[in-house]
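Secondary and tertiary structure notes
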Amino acid sequence: MLKVIKKWLSGEDENQFPSPFTNKILQYCNALDWNVSIHSEMHITVGFSFDDDRTQLVHISHTGQIAEQEILQISSAVAKLDDIEDQLDQDFFNELLKLNALAPNYSWAIETIDEEVEYLVASSDQVLDTLDVNELAAAVYIVAGAADEMESRFGLDNY
Amino acid sequence: MSKFLDTIVSHANQLEWTLEKLSDARLRLSFNMGEGRSQNVLISHYPNGDEDSSDLVEIASAALKMDGFPDGKLGAEMAKKLLKQNATTAFSSWAIEDTEDGPYLVAMSGWMLDDLDAEEFELAALIVAKAADEMEGTLGIDNF
C-alpha cells in the first residue's frame, strides 16, 4: 500500500496503459526483472544488452484475435530494408525462407510500418491467455538473439 | 509412448481429429477444406537433446514442390512477398524445407512441446492448412 501511495504522490504509474495485455506482460517483465516500456494498450518494448556491448530492442504487440484467442507478436528488428538494400537479392530472400524451416520457434519476416517503411524482423506469435512467464522469456530471448546475430552480419547494431 | 506422441494424441483426441502415425517422430492430419479440396498437415518432433529444455514441434503443410524451380529457389519478388506475409499471418510462416525429395514451400508453425496446449495445436494446424491450401489454390493445384 505504501508503495502505491508513494507512486500516487510522485505522479508515477508503472502502467499508464492498463489492459489485460499490458497488465499481464508487465507482471511477467517485472518477475524477469526486465527493462520495459509501455507505449500503448497494445505495444510494449523490452531492451536488452548483450555481453559484447551490443543491444537489442524487442517489441511485444497485441495484434488482435483469432478464433476468440488474443494474439501477441513478439518481434525484433534487424534493419530497415533500405539500409541493407544492396544485400537484398534472390539468394538472401530464399536463405531467410530456408532458415524459417530450421528455426521453428521463430521466423524471419518483412514487416511494413506506417504503410511505408519495411523492416527485416525475427518474429514469434503467442496466445495471450495461455502465455506463461517462461514462454514469454523464451520467445523474447529467441527473437532478440536471432535479430542481433543477423544485425551483426550486416555490421549494424541499430535496434 | 513418447511425450511427443502422448501430447499430440491427447490434443487430437480432445479435438476429435484423426491422426495417422507415419513414424515415432511424425504424425499426419488430413483436413477437408471444402469444394473438393483437401490438405495434409504434418506434425514433426525435433528432440532438443537437452533435458532441461523442451523439445520442438513443427506443424507444417506443404504448398508446392519446388523441383521445377531453377536452383530450387523462388524468384526474389515471390520470396519477398512471402516474407511480408509472414509478418501479417499469426502462427503460420512461409518456409522452404529441404527434404530427400528436394525443396518444398511449406506453411509452418513451431512450438515448444512442453508449452503446446490443445487450443494452440488446433489454431496452428488449421492456420497452416488454410495458408497452404490457399497457396495451392492460387497455383491451380491440390497436391498436398
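The structure presented is a predicted model; accordingly, all values stated were derived computationally and were not measured.

Take the overall build of chain A next. A count of helices and strands for chain A gives four helices and six strands. When its helices and strands are written in sequence order, chain A yields α-α-β-β-β-β-α-β-β-α. C-alpha atoms of chain A, sized along the principal axes, occupy 60 × 40 × 30 Å. By the burial criterion, 36% of the 159 residues in chain A qualify as buried. Residue pairs in contact within chain A that sit at least 24 positions apart in sequence constitute 48% of those at least 6 positions apart.

Interpreting fine coordinate detail is not advised for predicted regions of low pLDDT. On average, residues of chain A score 88 in pLDDT, and 91% of them reach the 70 mark or higher. Note on residues 1-12 of chain A: pLDDT is under 50 here. Beyond four places in sequence and across chains, it has two contacts.

One non-glycine residue, Ala67(A), lies in positive phi territory at about 50 degrees. If you trace the backbone, Ala67(A) turns up in the loop between β3 (55-66) and β4 (69-80). Among the residues examined, Ala67(A) registers 11 C-beta atoms within 10 Å and is labelled exposed. In this model, Glu16(B) sits at a positive phi of 60 degrees, which is unusual for a non-glycine residue. Tracing the chain through its elements places Glu16(B) in the loop between α1 (3-15) and β1 (20-23). Overall, Glu16(B) belongs to the exposed group, with 6 C-beta atoms counted inside 10 Å.

Let's shift gears to the environment of Ala139(A). Residues and elements named next belong to chain A. Looking at the element boundaries, Ala-139 is found in helix α4 (residues 133-153). For Ala-139 and Ser-19, which are 120 residues apart along the polypeptide, the C-alpha to C-alpha distance reads 21 Å. When neighbours within four sequence positions are excluded, Ala-139 is seen to be in contact with Ile-74, Ser-124 and Gln-126.

Residues and elements named next belong to chain A. If you walk across this open sheet you meet the six strands as β1-β2-β3-β4-β6-β5, and the pairing is antiparallel. Two strands bound the open sheet, and with one partner strand each, they are β1 (35-40) and β5 (107-113). Within this sheet the neighbouring strands show an average axis-to-axis angle of 35 degrees, counted without direction. In this structure, β1 lies alongside strand β2 (residues 43-49), joined through five bridges in antiparallel fashion.

In this assembly, 31 residues from chain B lie in contact with 30 residues from chain A. Within the residue set of the side of chain B that touches chain A, elements represented by two or more residues are β4 (56-65), α2 (76-88), β5 (93-99), β6 (102-112) and α3 (118-139) of chain B. Per-element accounting of the side of chain B that touches chain A gives the leading share, eight residues, to α2(B). Across the side of chain B that touches chain A, the residue classes break down as 17 nonpolar, four polar and 10 charged.

Residues and elements named next belong to chain A. Most of β5 is tucked away, with five of its seven residues classed as buried. Strand direction decides the pairing type here: β5 and strand β6 (residues 117-127), joined by seven bridges, are antiparallel. Bridge pairing links Thr-112 to Glu-118 in β6. Linkage of β5 to β6, two consecutive antiparallel strands, is achieved through a turn of three residues, within which Asp-114 is found at a positive phi near 55 degrees.

Residue and element names in this part refer to chain A. In this model, helix α2 (residues 20-31) (12 residues) spans 17 Å end to end at C-alpha, consistent with the 16 Å of a helix rising 1.5 Å per residue. Three or more residues of α2 are buried, namely Phe-21, Thr-22, Ile-25, Tyr-28 and Cys-29. One side of α2 holds all its buried residues, which, seen down the axis, span an arc of 135 degrees. Across α2 from its buried face, at more than 90 degrees, point the exposed residues Pro-20, Gln-27, Asn-30 and Ala-31. Asp-33 sits one or two positions beyond α2 and adopts a positive phi of about 60 degrees.

This next bit is on the environment of Asp6(B). Residue position: Asp6(B) is located in helix α1. Linking Asp6(B) and Phe31(B), residues 25 residues apart in sequence, is a C-alpha distance of 21 Å.

The rules behind each value
- Residues numbered from 1 in each chain as written.
- Chains lettered and ligands numbered in written order.
- Predicted model: local features only at pLDDT ≥ 70, side-chain atom pairs only at ≥ 80, totals over all residues.
- Helix = DSSP H or I, 4+ residues; strand = E, 2+ residues; numbered from the N terminus.
- Buried ≥ 20, exposed ≤ 12 C-beta atoms within 10 Å, placed from the backbone.
- Contact = placed C-beta atoms within 7 Å.
- pLDDT = per-residue confidence, 0-100.
- Pairing = 2+ DSSP bridges.
- Axes fitted to C-alpha atoms, helices over the stretch in contact; angles between N-to-C directions.
- Nonpolar A, V, L, I, M, F, W, Y, C, P; charged D, E, K, R; others polar.
- Expected span 1.5 Å × (residues − 1).
- Arc of directions from axis to C-beta.

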